[in-house]
Amino acid sequence: MAIKGNPGENRSRGPLPIFVVVGLCCFFYLLGAWQRSGFGKGDSIALQMTRKAEDCSILSNLEYETHHGDQSGTVDDPKLEVKQFEPCGEQYVDYTPCHDQMRAMTFPRENMNYRERHCPPEEEKLHCLIPAPKGYVTPFQWPKSRDYVPFANAPHKNLTVEKAVQNWVQYEGNLFRFPGGGTQFPHGADAYIDQLASVIPMDNGTVRTALDTGCGVASWGAYLFKKNVIAMSFAPRDSHEAQVQFALERGVPAVIGVLGTIKLPFPSRAFDMAHCSRCLIQWAANGGMYMMEVDRVLRPGGYWILSGPPINWRTNYQAWQRPKEELEEEQRMIEEIAELLCWEKKYEKGEIAIWRKRVNNEYCSERDSRVTLCESSKSENVWYKKMEACVTPYPETTNSVEVAGGELKPYPERLNATPPRIASGSVPGVSVDSFQEDNKLWKKHVKAYKRVNKFLDTGRYRNILDMNAGLGSFAAALESPKLWVMNVMPTKAESDTLGVLYERGLIGIYHDWCEALSTYPRTYDLIHANGVFSLYKDKCNVEDILLEMDRILRPEGAVILRDHADTLGQVKRIATGMRWKTKMVDNEDGPLIPEKVLFAVKRYWVVGDNNSTSL
């Protein structure tokens, strides 16, 4: 049964048609009944949604069409062939294309080059669907997921043996348990963070964004959520088995990455705090290049924490089984580089040292004559750009108390306040007024999303990816302690606004969607993409982008795509052959708007399932 609107009716400012709202509510209610909990039983949301599904069962046989005049045939033409995608082999369940172990070993080990991104050439790309491991289940909801991960989701026990005495992770029955311990915080992450908070203002919103280098299983980032601080954690692929995978299964932001030969995929002046807890990075090597890269991404007034060797080497050199002369020299060089960078040492106790970056260049006039300054124009141009031993200049200030680049309001006030980069006019094409309009627009979009997908506010989706984040207003409209958003700034975007997102207290990375993301399969519960396929038209294959989305989306994860009707029609046909269930709806402003919204859900299937890819 097809229901059509009156062609003469002016609905350009009307709400979503009622049959679309009701039908899609049924779609997502029924999805709730399919969810798998950590113990393989229906969780409370699933049970609730199953009951509610009875209320809309009479509408289950309706067809829901968008209304856009003569273009309707281009969206879902049954005459067009749908390509069916087959599953990849079982050996690919944890496949990370740009961090493949076999390919990595062909690159130099010097400066961790082999641990960096090395993506497969076109002829080696997989054109199949990455399967989930047998027994895969939907992760627990936050905050339970912080402490428990189903063994079937990341079946790697190496860390339970390698880090047994350090309390990283324990194997209990069919679960991994994360006690909140770490190499440098034997009394637990809470006690360790409280010690840091005695020096660093984490409790009043001053510190919001953090960077954890060499994060392990990201317990530091996991426990920082208590203080409303969000950490971007990274560690190399499998130097310890599945560490980043564990972080993401726990519901903690993390990417595969390393301080090596290329710049970190973050803008300058991004983080309020950076952290290394026995991260094994050679900070004094290469003329202090790695500390200079931390200085680039650290905002003026931000803090750097170094915990573990070589701090307090006099007491610990025997336990660390390293010559005291070597450790002494290492700390001396770190102190020297920190002074060269004009960082102020604020604290040293036990094995923890904390420095603070000065708020502007007024305190560092001698620095510029003693270091090589980077070109300011290159400070944001970081994608695959070689790291250099140079210091990123401060933005200009007019007096000794002004914060270079602009002072940030405490969080959460800064989330919707005008970011300094916009207030100063340094983002081309973005004004204070257009920023505020963008904020209002995305509040409206997200309100419409919630009318369709009733799970957005329930905690069902913890890890969310925005593939084309713009000014970050989608993430701001979703803001909730139940979820976090990884905001991606495509390298093909017309305007680079990732620095704006960090000033709002959000996190994100640069990325080119013609390549795979630096993450494990099944990372995200929900993926949002606004205009991504139009942006990448004629730049790379739509099929490749969708296959990558499928790789990083959890079974029964959701997708929301906004784009032109013709573009989404092509996407819908491909997605149908990828085991996605899809529904296209009108823009919330009515059927005459050429921009449409495609909702999708990835089917549940695992290795060995005798599933057809057709729905």
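Cut-offs used in this document
Residues numbered from 1 in each chain as written. Predicted model: local features only at pLDDT ≥ 70, side-chain atom pairs only at ≥ 80, totals over all residues. Heavy atoms only, no water. Core = buried A, V, L, I, M, F, W, Y, C linked by side-chain atoms within 4.5 Å. Buried < 20%, exposed > 50% of the residue type's maximum accessible area, 1.4 Å probe, protein only. Domains from an automatic or database assignment. Contact = heavy atoms within 4.5 Å. Helix = DSSP H or I, 4+ residues; strand = E, 2+ residues; numbered from the N terminus. Pairing = 2+ DSSP bridges. Disulfide = S-S within 2.5 Å. Phe/Tyr/Trp six-rings, centres within 6.5 Å; stacked < 30°, edge-to-face > 60°. Lys NZ or Arg CZ within 6 Å of the ring centre and 35° of its normal. Axes fitted to C-alpha atoms, helices over the stretch in contact; angles between N-to-C directions.

Chemist: What should I look at first to understand the nonpolar core in this one?
Modeler: A general feature of soluble globular proteins is that nonpolar side chains tend to end up buried together. One finds W220, M232, M273, W283, W304, L465 and M549 to be the most contacted residues of the largest nonpolar core, which totals 139 residues. The residues that make up this core include at least three from each of domain 1 (188–357) and domain 2 (413–602). Setting aside chain neighbours within four positions, we find M549 in contact with M467, I527, F533, V559, L561 and W580. V149, W168, F176 and V217 belong to the second-largest nonpolar core, a separate cluster that totals 9 residues.

Chemist: What should I look at first to understand the pairing of strand β17 (residues 595–602) in this one?
Modeler: Residues in a regular strand point their side chains to alternate faces of the sheet. Of all 8 residues in β17, 7 are buried; the element is thus mostly enclosed. Alignment of strand β16 (residues 580–586) against β17, held across 7 bridges, turns out to be antiparallel. Looking at β17, one finds that T582 is bridged to A600.

Chemist: How do you make sense of the state of the cysteines when you look at a structure like this?
Modeler: Following the criterion strictly, the structure yields 6 disulfides and no others. Bridging C88 to C128, the disulfide has an S-S length of 2.0 Å. Residues C88 and C128 are joined by a disulfide whose S-S torsion is about 105°; by sign, that bridge is right-handed. Separated by 40 residues along the polypeptide, C88 in the loop between α3 (72–75) and α4 (101–104) and C128 in the loop between α4 and α5 (144–147) bring together distant segments of the chain. A sulfur-sulfur separation of 2.0 Å characterises the disulfide bridge that pairs C98 with C119. Taking the sign of the S-S torsion, 105° for the link of C98 and C119, the bridge is right-handed. Of this pair, C98 sits in the loop between α3 and α4 while C119 sits in the loop between α4 and α5, and the two are 21 residues apart along the sequence.

Chemist: What exactly am I supposed to notice about the packing of aromatic side chains here?
Modeler: Two aromatic rings are characterised by how far apart their centres lie and by the angle between their planes. This structure, assessed with the given rule, holds 18 aromatic pairs. The interplanar angle of 35° and the centroid separation of 4.7 Å between the aromatic rings of F185 and Y192 together place this pair among those described as tilted. Y192 carries the same exposure label as F185, and that label is buried. Judged by centre distance (5.3 Å) and plane angle (90°), the ring pair of F266 and F271 falls under edge-to-face. For F266, a relative accessible area of 1% gives the class buried. Taking the relative accessible area as the measure of exposure, F271 reaches 0% and is therefore buried. The ring of Y114 is capped by R109, whose NZ or CZ atom sits 4.9 Å from the centre of that ring. The positively charged end of R462 is found above the aromatic ring belonging to F225, 4.7 Å away from the centroid.

Chemist: Looking at this structure, I do not really get the sheet that holds strand β4 (residues 209–213). What am I missing?
Modeler: Hydrogen bonds along the backbone pair up the strands of a sheet, which may run parallel or antiparallel. Spatially, the 7 strands line up as an open sheet ordered β6-β5-β4-β7-β8-β10-β9, and their pairing is mixed. Pairing within the sheet leaves two strands with one partner each, and these edge strands are β6 (254–256) and β9 (343–349). Adjacent strand axes in the sheet meet at a mean angle of 20° when their direction is disregarded. Both β4 and strand β7 (residues 271–277) contribute to a ladder of 3 bridges, which runs parallel. If you follow A210 over to β7, its bridge partner there is M273. Of the strands in this sheet, β5 (230–235) and β6 are in contact with helix α9 (residues 243–250), which crosses β6 at around 155°. Lying on the sheet, helix α12 (residues 324–340) is in contact with β8 (298–307), β9 and β10 (352–357); it crosses β9 at an angle near 145°.

Chemist: Hey, could you run me through the environment of G499 in this one?
Modeler: Note that G499 resides in helix α18 (residues 498–503). Sequence separation between G499 and R421 is 78 residues; the distance between their C-alpha atoms is 7.6 Å. In contact with G499, not counting residues within four places along its chain, are P267 and R421.

Chemist: For this particular structure, what's the right way to read unusual backbone geometry?
Modeler: Across residues other than glycine, the phi torsion is negative in most instances, and most of the peptide bonds are trans. Looking along the chain, the bond that leaves P309 and enters P310 is cis, with omega of 5°. Relative to the helices and strands, P310 is located in the loop between β8 and α11 (313–320). Omega for the bond connecting Y411 with P412 falls within 30 degrees of zero, at 15°, which places this linkage in the cis form. Relative to the elements of secondary structure, P412 occurs in the loop between α13 (367–370) and α14 (413–416). One non-glycine residue, R278, adopts positive backbone phi at about 45°. Considering the arrangement of structural elements, one finds R278 in the loop between β7 and α10 (289–297). Positive phi values are uncommon outside glycine, yet D538 reaches one of about 70°. With respect to the secondary-structure elements, D538 resides in the loop between α19 (532–535) and α20 (542–552).

Nothing here speaks to function; it is geometry throughout.
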